[in-house]
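One letter stands for each residue in the lines below.
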Amino acid sequence: METITSKCVLLNAQASDKTAAIRLAGQLLADAGYIEPAYIESLLKREQVANTLLGATVAIPHGMVEDRHHIRHTGVAVVQIRGGVAWKGEDKARLVVAIAAQSDEHIALLRRLTRLMQRPERIDMLVNTDDPQLIVSALADVPAAPSFPAPVALPWPADAETSWILDYPNGLHARPATRWVEVAKRFACEIRIIKGDEFADAKALTALLSLGATRGETLKIAARGNDARRSVDAMLDVMSAISADEQADAERARRNAIAARKQAPDWTPEGAPQTLYGLGASPGLAVGRLVRHAAQRFDVQDEPGDVIADGEALEGAVLRVQQELLALEADTRTRLGANEAAIFAAHRELLGDADLLRDAMVQILRGHGPAWSWQHVVKTRVEKLQSLADPLLATRATDLRDVSERVLGALLGVSRQRMVLSTPTILVAEDLTPSDTLQLDMRFIVGLAISGGGPTSHTAILARTLGLPAIVAAGSALLATPEGRNAVLDGSVGAIYLDVARGDLDRAGAVVAKQAAAREALRESRYQPAVTTDGHTIEIAANVANAKQAAAAIEAGAEGVGLMRTEFLFLERDTAPDEDEQYRIYRDMTEVMAGRPLIIRTLDIGGDKQVPYLNLPKEENPFLGVRGARLLLTRQDLLYTQLRALYRAAKHGPIKIMFPMVTHTSEIEALRAHCSRARVQVDGPVVPVGIMVEVPAVAVMADRFAPLVDFFSIGTNDLTQYTLAIDRQHPELAAQADSLHPAVLALIASTVRAAKAAGTWVGVCGGLAGDPLGARILTGLGVDELSMSAQDVASVKAALRGDSYAAMQALAERAIAASTPDEIRAL
């Protein structure tokens, strides 16, 4: 459904006051089917707590967050009042743009409105036009024109090229783009990423981000020069390899958003405090004094000097900052984790953009000073990123500005200043860079209130990791709020409450203390087993790719590894790892696990993971083609190399071998025979051999498979896509690939019944295992083990310890009897 149509534009309207104007706009939305009529009252309610006059005679009434359930589709209605209607004091609104947004889609619209307001003649044209389509075109959800023309993909004689559909849920943002650049830089040839009529140098991060590539768009990878074919294959390899992580992150965010929407607020004011609304970026409640963050901005004068000395000074500053970022990346990895450290790896890559430094050098050669030249070039790129219609990609301008300020500081000899605080503080800022966020004094900073930004910004990611409640996109009214006032910030609701009554403050403080105690209890109890209140125990393990991740998982409370993915050993390289290399990696895993359970999955190449050097034939639908066990049975060179390495490593500690993508019982019989031969070849110990249950045929015939294997591990991600016939990478259908679908749960239930009848152990290693609700249902179905991301371990354990096995069995029965995933979540 289109966001705005000419039916939602009312020209030359008359309104006695702003209430009447808002009702006119709301009725347009209701008549067009975007909202239920009750949402009109929500538009008026918002006006009572916040001024929605954006400026330049444009008002943007929008409803309360808690009333979003009245929105059927995201939509916009415009009421044109040529004579104006009083809005705030003497200020009038002539364009009333009513917004009904189900999430944060309105951010792109606000950005377009802001750009229009910078050109008063455009606003005047919209206020006086008799053509509703002109207003629709100005506000429609189309990409904004960049601040200067993007490179156009003129005919370019490539030596090798291929196409790929971008399937990252959040589009091409800084972290995956950094990986693309890292691979591209391994090749001397020229590599381009082409989107429609635009292209970007694959070795330049800012150029890649400026493409504004979003999910579902077709990109062409083209290369010219020596190793062109190998470079294109390697690029396709890394692009595909990242997909699983990107989708897992998006799924985790989706689950958290669903949980937040269904959870009742822990605190609501009984009084009537002034309330400012934004978007929730990091959940939790905070009580503190408002303090304004003074962003470090450099007032750079153009002071040219000796051209050579200026160039060397700039290069030296860039080099010093690259070393700083390298150290910050290592420190962040230790403190917070690999995902957060990747933010600063992306910053290093932004700084390593040769075009950025080259263009600054050109300005120096034209007679400008080094600081002015650097700031001028970066500002141009920042403006281009901010012009992108996709809010996620546009917020990456903050990262580039962060890097730029570091270089200016190094160039001018100015250090970042730390804030001196002494009381619990809610930090108010127009924006906050990742570097600023990590410098916060966590002894006193209890929450973040940001007037701009979005919930997918790197600062929001860091706030969530730090456990810091935060809201973003709270608007200019937040910045106008005087410092020193006590406030309550609710990152779950996306609101900040000002001038809160003493009783409400005390109650909020009690909730904060309770939440802190709960977090500490979760951390302290992470090593306790998952034993239900009536004494049933379930094993909790983690999904990992290497020994470092395994060690982190054990620290997080995991009792074993339920899935070690070995395909990552084969990706982003030119040849397959040999037996000795694989043996060393598996041996290191056994040493880290120190006798704990360890399930290692054999090579699962195909589908979303391709390896060019294996020279596999191109398939129309690789998810249904030669992948997993099917590939190993046809490529016994790969099979025996891996099996011999695994059996050698099994001499150092317990290992279970698991085969993916099994469909027929004959495949099991053949694979077990190969295992026996490989074990004899290296004089290895007997180890359990099992399979992943991810093909519906195996679930349906589980009674025939169970006696042939030592264990089952149910892969809910692939089982879901095969059961529902939905490609989980499809840009439009992926959200429907829900593992809580009753059909998927019914297949899991039949698998478990067959396993129990045969005395076969059964675990789950898909995304559903890391969802507290999914974990309770799976436990109720009778699985023996749940394997998940390390960060989900403590919360899942706590959820299982807080309920009885009998209650979970009853929950599982009701879930299977339901008709939709939504019904199941409502349970």
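Residues numbered from 1 in each chain as written. Predicted model: local features only at pLDDT ≥ 70, side-chain atom pairs only at ≥ 80, totals over all residues. Heavy atoms only, no water.

1. Details of the packing of helix α22 (residues 636–649) against helix α23 (residues 665–682)
If you want to describe how two helices pack, look at the angle between their axes and the distance between the axes.
Step number 1: Across the interface, α22 lies against α23 with an axial gap of 9 Å and an inter-helix angle of 55 degrees. Comparing their axes, α23 and α22 come out oblique. Along this stretch, α22 crosses α23, giving a crossing that reads as right-handed. Contacts between α22 and α23 involve Q636, L639, Y640, L643, R644, Y647 and R648 from the former and L671, H674, C675, R677, A678, R679, Q681 and V682 from the latter.
Step number 2: Looking at side-chain class alone, the contact of α22 with α23 contains eight nonpolar, three polar and four charged residues. (Axes fitted to C-alpha atoms, helices over the stretch in contact; angles between N-to-C directions. Helix = DSSP H or I, 4+ residues; strand = E, 2+ residues; numbered from the N terminus. Parallel < 35°, antiparallel > 145°, perpendicular 65-115°, else oblique. Left-handed = near helix turned anticlockwise from the far one by under 90°. Contact = heavy atoms within 4.5 Å. Nonpolar A, V, L, I, M, F, W, Y, C, P; charged D, E, K, R; others polar.)

2. Quick look at helix α18 (residues 502–524)
Step number 1: Taking 1.5 Å of rise per residue, the 23 residues of α18 would be expected to cover 33 Å, and the 33 Å separating its terminal C-alpha atoms lies within 8% of that figure.
Step number 2: Within α18 the residues assigned to the buried category are D504, L505, A508, V511 and Q515.
Step number 3: Looking at the buried side of α18, the elements it contacts are β12 (285–292) and β16 (486–490). (Expected span 1.5 Å × (residues − 1). Buried < 20%, exposed > 50% of the residue type's maximum accessible area, 1.4 Å probe, protein only.)

3. Overview of the pairing of β16
Within a regular beta strand, the side chains point alternately toward one face of the sheet and then the other, so they alternate between its two faces.
Step number 1: When you tally the buried positions in β16, you get four out of five residues, the bulk of the element.
Step number 2: Pairing of β12 with β16 involves five bridges; the strand directions are antiparallel. Pairing of L285 across the sheet is with D490, part of β16.
Step number 3: Across four bridges, the pairing between β16 and strand β17 (residues 495–498) is antiparallel. Looking across to β17, one finds that V488 is bridged to Y497.
Step number 4: Here β16 folds back onto β17 in antiparallel fashion, the turn holding four residues, of which G494 has a positive phi close to 85 degrees. (Pairing = 2+ DSSP bridges.)

4. Concerning the sheet that holds strand β7 (residues 190–195)
Step number 1: Spatial strand order, β6-β9-β7-β8: four strands in an open sheet with antiparallel pairing. The open sheet terminates on both sides in strands that have one partner only, identified here as β6 (160–165) and β8 (198–201). Strand after strand, the sheet turns through a mean of 25 degrees between neighbouring axes, direction not considered.
Step number 2: Where β6 meets strand β9 (residues 218–224), six bridges bridge the pair, whose relative direction is antiparallel. Following the sheet pairing, W164 is matched in β9 by L219.

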